[in-house]
Amino acid sequence: MSKIQSTFQRLQAEGRKALIPFITAGDPDGEVTVPLMHAMVASGADIIELGVPFSDPMADGPTIQRASERALAAGMSLRKVLAIVRAFRVDDQLTPVVLMGYANPIEAMGEDTFVAVAREAGVDGVLVVDYPPEECVRFSALAKSAGLDPIFLLAPTSTEQRFRDVAEAGSGYIYYVSLKGVTGAGNLDFDEVARRIPQIRSAVGMPVGVGFGIRDADSAKRIAAVADAVVIGSRIIEEIERSPRDAVVANVSSFIRGIRAALDATAGAKQ
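Thoughts on the pairing of strand β7 (residues 208-211)
Where a strand is regular, its side chains alternate between the two sheet faces.
Here is step 1: Burial of the side chains of β7 extends over both faces: Val208 and Val210 are buried on one face and Gly209 and Gly211 on the other.
Here is step 2: Pairing of strand β6 (residues 174-177) with β7 involves four bridges; the strand directions are parallel. The partner of valine 177 across the bridge, within β7, is glycine 211.
Here is step 3: Handedness of the crossover joining β7 and strand β8 (residues 229-232) through helix α10 (residues 217-224) is recorded here as right-handed.

Here's the deal with the pattern of salt bridges
Here is step 1: Using the criterion set out here, one finds 22 salt bridges in the structure.
Here is step 2: Here glutamate 14 ties to arginine 16 by a salt bridge, and the two come within 3.3 Å at their closest N and O atoms.
Here is step 3: Among the residues examined, glutamate 14 registers a relative accessible area of 26% and is labelled partly exposed.
Here is step 4: Measuring nitrogen to oxygen at the nearest pair gives 2.9 Å for the salt bridge that ties arginine 70 to glutamate 241. Of this pair, arginine 70 sits in helix α3 (residues 62-73) while glutamate 241 sits in helix α11 (residues 234-242), and the two are 171 residues apart along the sequence.
Here is step 5: When salt bridges that share partners are traced, they join Arg10, Glu14, Arg16, Asp46, Arg260 and Asp264 into one network.

As for the sheet that holds β8
Here is step 1: What the eight strands build is a closed barrel, ordered β1-β2-β3-β4-β5-β6-β7-β8; its pairing is parallel. On average, adjacent strands in this sheet sit at an angle of 25 degrees to one another, irrespective of strand direction.
Here is step 2: Of the strand pairs in this sheet, strand β4 (residues 125-128) and strand β5 (residues 149-154) are connected by three bridges, and their pairing is parallel. Counterpart to glycine 125 in the pairing with β5 is aspartate 149.
Here is step 3: On the sheet, helix α9 (residues 190-204) packs against β5, β6 and β7 and is oriented at approximately 155 degrees with respect to β6.

Focus: the packing of helix α6 (residues 111-121) against helix α7 (residues 137-145)
Here is step 1: Between α6 and α7, whose axes approach to 10 Å, the crossing angle comes to 25 degrees. Considering their axes alone, α6 and α7 lie roughly parallel with respect to each other. The two elements α6 and α7 meet at a crossing, and its hand is right-handed. Side by side, α6 and α7 meet where Glu111, Asp112, Phe114 and Val115 of the first sit next to Arg138, Phe139, Leu142 and Ala143 of the second.

A closer look at α11
Here is step 1: Of all nine residues in α11, seven are buried, a share of seventy percent or more.
Here is step 2: Listing the buried residues of α11 in full gives Ser234, Arg235, Ile236, Ile237, Glu238, Glu239 and Ile240.

Quick word on the environment of arginine 196
Here is step 1: Relative to the helices and strands, arginine 196 is located in helix α9.
Here is step 2: Counting along the chain gives 52 residues from arginine 196 to lysine 144, while the straight-line C-alpha distance between them is 27 Å.

Points about unusual backbone geometry
Here is step 1: At the junction of aspartate 27 and proline 28, the peptide bond is cis and its omega measures out at 5 degrees in the coordinates.
Here is step 2: Inspection of the secondary structure assignment puts proline 28 in the loop between β1 (18-24) and α2 (30-42).
Here is step 3: One non-glycine residue, phenylalanine 212, adopts positive backbone phi at about 75 degrees.
Here is step 4: Mapped onto the secondary structure, phenylalanine 212 falls in the loop between β7 and α10.
Here is step 5: Looking at phenylalanine 212, the relative accessible area reads 7%, which means it is buried.

Reading the values: the criteria
Residues numbered from 1 in each chain as written. Predicted model: local features only at pLDDT ≥ 70, side-chain atom pairs only at ≥ 80, totals over all residues. Heavy atoms only, no water. Buried < 20%, exposed > 50% of the residue type's maximum accessible area, 1.4 Å probe, protein only. Helix = DSSP H or I, 4+ residues; strand = E, 2+ residues; numbered from the N terminus. Pairing = 2+ DSSP bridges. Right-handed = clockwise from strand over helix to strand, strands pointing away. Salt bridge = Lys/Arg side-chain N within 4 Å of Asp/Glu carboxyl O. Axes fitted to C-alpha atoms, helices over the stretch in contact; angles between N-to-C directions. Contact = heavy atoms within 4.5 Å. Parallel < 35°, antiparallel > 145°, perpendicular 65-115°, else oblique. Left-handed = near helix turned anticlockwise from the far one by under 90°.

What follows is the structure, encoded as structure tokens:
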């Protein structure tokens, strides 16, 4: 059982929902990322999605695009992201870390090299936005053989065939894109999410995390009522963006604690 799978199993036994914050590695600079990751865990994060900055994103809205631009301007690269995970593992061997990004940096490094280095660094899962399951059979098998969970996206437009493809290729959890749009959009249809999640969970046999459009405690609570995990990215990046550098860790921590409290209240967590 992978670290991600055991985390969801533990949370289910506790009657809790997973909180999965997303940050871009190297935003606002590389020195802040590791302390920020530790602070998010201390504030209630269960899994961390660590964005690999990329110059030409297709799913990220303007907020996360700006985070990638800042990180790239500061010299961040895929190898440096892996070094960040390695540094995080010095003091935290337990919290799962999922790299989220795009295919180009992985293919530039080479799939075999990437998987080997990611495993050595302490990565637990990989979500490659532009790797549809039917086109990355080898990569998915390679990741699984190394103990990494390949995580895939499903969307409101996904078909039953896509459900089956993702169930076969993926592991760990499914990331359900809750709306038709990019990250940070605000047109979240809670009723549609509530209708789709049971269908997806039944079809794929994995926990389902929901992201895109979750911005506050109220939206997080409503999603947590039907999903296994809540993923928050753009709203955290906004907090980073508008905070003085020396206040980034404290301000993000405060925001995460508020979301954690809301999720635990909704899920009836054991205190």
